[in-house]
Amino acid sequence: MDLEQDDIVKEAEAAASSAEDSRALYEVKMQYLGRAGKVTALMKRMKDIAQEHRPAFGKQVNALREKLETLFASLETLAKAREMAKKLAAENVDVTMPGRHFARGALHPVTIVRNRLIDIFAGMGFEVFEGPEIENDYYNFTALNTPADHPARDMQDTFYVQGGLLRTQTSAGQIRLMEKKKPPIKMLSPGRVFRSDDDATHSPMFHQMEGLVVDRGITLCDLQGMLDEFVKAMFSENSKTRLRPSYFPFTEPSVEVDVSCHACGGKGCSLCKGTGWIEVLGAGVVNRRVLENCGVDPDEYSGFAFGMGIERIAMLKYGINNIKLLTENDVRFLEQFKD
Ligand code: PHE
């Protein structure tokens, strides 16, 4: 019996060509080469064949098996390659595409300056204490030696809310801390304050940094020595300070503190309006009455206090000419403070 090998191979080829993937191809292969496949069936026919024809028939079947095995092996290789190409195409990344832009944030200049101030004063042993933004009349004014009929209240008009007022100064924290803690005290108190003020260098809400030192034998000289250290760290190694007489109800004597202009080195320029000096903060020796109000004996203890506007320091340090820039949240402005 002659086996039409080529016909069977062609038929297998045709069946395989409609197989969509290597799985389907495997099924076709099994129809020919599997246990129940056509080649196995041919082998089973061996017993029906006359003895003398068996070797020739066996050879033909084996030759057919080999052809089919070769055929399916090459078809499998092709199918695998096609599948791999498809998988790669699906995973394809276009490395020439523009990257996604992740914007990096920056700290707000007021935050940068506040952190720097805390850093500098923490280095001198000050501890941070934060008071509430909604204060009452007692802590914000009366205990600070500013009774209801005191003219100094005029300068610090504020927003009155139920149960209190928006604090006009972080000085209120002096009282709150001294009520709780006995001297020695070295307190730093940052926070928001509110006033009825609004122009290029004043805003109804701004930030202050308060400082308070109370111990035995503290004098104005200690204040000046500390301020010298502070301006050197904040502005420049060559910065100097100058005290001018001033008035605050809660300090006596009171001073206005100027720092030598870091832009012109004291010669006079537009930043310092030709004077060589820039006002940076208010300060003074703590008024005896304030100590008394907090139960601290003014004959045993004395102290100094200072308060500065953080926006003002930021404006001086970075050459910002309008305080509104600090609250407008214009990213083009704020981005310039990335370090
Ligand atoms: N509280 C004062 C102000 O807001 C500043 C100040 C603080 C002055 C402490 C003296 C002592 O203007």
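Note that this is a predicted model, so its numbers are computed, not measured. (Residues numbered from 1 in each chain as written. Predicted model: local features only at pLDDT ≥ 70, side-chain atom pairs only at ≥ 80, totals over all residues. Heavy atoms only, no water.)

Colleague: For this particular structure, what's the right way to read the domain arrangement of the protein?
Modeller: Think of interface size as the accessible area that goes away when the parts come together; that is how it is often given. Looking at the protein, the domain boundaries give domain 1 (5–90) and domain 2 (111–337). Computed over C-alpha atoms only, the centres of domain 1 and domain 2 are separated by 93 Å. (Domains from an automatic or database assignment.)

Colleague: Would you take a moment to explain the site of the ligand for this structure?
Modeller: In the neighbourhood of the ligand, 15 residues make up the surrounding shell, with Gln 169, Ser 171, Arg 195, Gln 208 and Gly 307 lying closest. Contact distances for the ligand include 2.9 Å between a nitrogen atom and a side-chain N or O atom of Gln 169. Here an oxygen atom of the ligand and a side-chain polar atom of Arg 195 are 2.6 Å apart. For the ligand, the protein covers 92% of the area, taking 320 Å² as the surface of the free molecule. A total of three residues in the shell around the ligand trace back to one element, the largest contributor, which is strand E10 (residues 302–309). Considering only residue class, the shell around the ligand consists of five nonpolar, eight polar and two charged. (Near = heavy atom within 4 Å. Polar contact = N/O pair within 3.5 Å; in protein donor to acceptor, adjacent residues only side chain to side chain. Areas by Shrake-Rupley, 256 points an atom, 1.4 Å probe, with all protein chains shown as cover. Helix = DSSP H or I, 4+ residues; strand = E, 2+ residues; numbered from the N terminus. Nonpolar A, V, L, I, M, F, W, Y, C, P; charged D, E, K, R; others polar.)

Colleague: What is the right way to look at the pairing of strand E9 (residues 277–286) in this model?
Modeller: Side chains on a regular strand alternate between the two faces of the sheet. Along E9, eight of the 10 residues are buried, which leaves the element largely enclosed by surrounding structure. Relative to E9, strand E8 (residues 251–260) runs antiparallel, the two sharing eight bridges. Paired with Asp 258 across the bridge in E9 is Glu 279. Here E9 runs beside E10; their pairing, made up of five bridges, is antiparallel. (Buried < 20%, exposed > 50% of the residue type's maximum accessible area, 1.4 Å probe, protein only. Pairing = 2+ DSSP bridges.)

Colleague: Just to check I follow, could you spell out the sheet that holds E9 for this structure?
Modeller: Sheet strands pair by backbone hydrogen bonding; their relative direction is either parallel or antiparallel. Judged by pairing direction, the sheet is mixed, and its seven strands sit side by side in the order E1-E5-E6-E10-E9-E8-E7 without closing on themselves. Whereas interior strands pair on both sides, the edge strands pair on one side only; in this sheet they are strand E1 (127–128) and strand E7 (241–248). Contacts from helix H7 (residues 172–180) reach strand E5 (185–194), strand E6 (205–215) and E10, with the element oriented near 140° to E5. This element, helix H10 (residues 310–318), spans E6, E9 and E10 of the sheet and lies at about 150° to E9. (Contact = heavy atoms within 4.5 Å. Axes fitted to C-alpha atoms, helices over the stretch in contact; angles between N-to-C directions.)

Colleague: How should I be thinking about the nonpolar core in this particular structure?
Modeller: Grouped together as the largest cluster of nonpolar side chains are 41 residues, with contacts concentrated most on Leu 117, Phe 121, Phe 230, Leu 281, Phe 306 and Met 308. Listed by contribution, the elements that provide at least two residues to this core are helix H5 (109–122), E6, helix H8 (220–234), E8, E9, E10, H10 and helix H11 (331–334). It is H8 that provides the largest number of residues to this core, a total of six residues. Grouped together as the second largest cluster of nonpolar side chains are 20 residues, Tyr 139, Ala 172, Met 187 and Phe 250 included. (Core = buried A, V, L, I, M, F, W, Y, C linked by side-chain atoms within 4.5 Å.)

Colleague: Looking at this model, I keep getting lost on the packing of H5 against H8. Mind explaining?
Modeller: Running from amino to carboxyl end, H5 crosses H8 at an angle of 135°, the nearest separation of the two axes being 10 Å. Here H5 lies oblique to H8, going by the angle between them. The chirality of how H5 crosses H8 is right-handed. On H8, the residues touching Val 113, Arg 116, Leu 117, Ile 120 and Phe 121 of H5 are Met 226, Phe 230, Ala 233 and Met 234. In terms of residue class, the contact of H5 with H8 is built from eight nonpolar, no polar and one charged. (Parallel < 35°, antiparallel > 145°, perpendicular 65-115°, else oblique. Left-handed = near helix turned anticlockwise from the far one by under 90°.)

Colleague: Help me understand unusual backbone geometry in this model?
Modeller: With glycine set apart, most residues show a phi of negative sign, and most peptide bonds adopt trans. In this structure, the amide linkage connecting Pro 183 to the following residue, Pro 184, adopts the cis form with an omega of 5°. Of note, Pro 184 is situated in the loop between H7 and E5. Residue Pro 253 follows Glu 252 across a cis peptide bond; omega there is 0°. Along the polypeptide, Pro 253 turns up in strand E8.

Colleague: Sorry if this is basic, but what is going on with the environment of Leu 71 here?
Modeller: Locating Leu 71 in the fold gives a position in helix H4 (residues 54–90). Spatially, the C-alpha atoms of Leu 71 and Met 308 are 89 Å apart, while their sequence positions differ by 237 residues. Not counting residues up to four positions away in its chain, the partners in contact with Leu 71 are Val 9, Ala 12 and Glu 13.

Colleague: How do you make sense of the sheet that holds strand E2 (residues 134–135) when you look at a structure like this?
Modeller: Sheet architecture is open: three strands sit in the order E2-E4-E3, paired in antiparallel fashion. The outermost strands of the open sheet, each flanked by one partner alone, are E2 and strand E3 (160–161).

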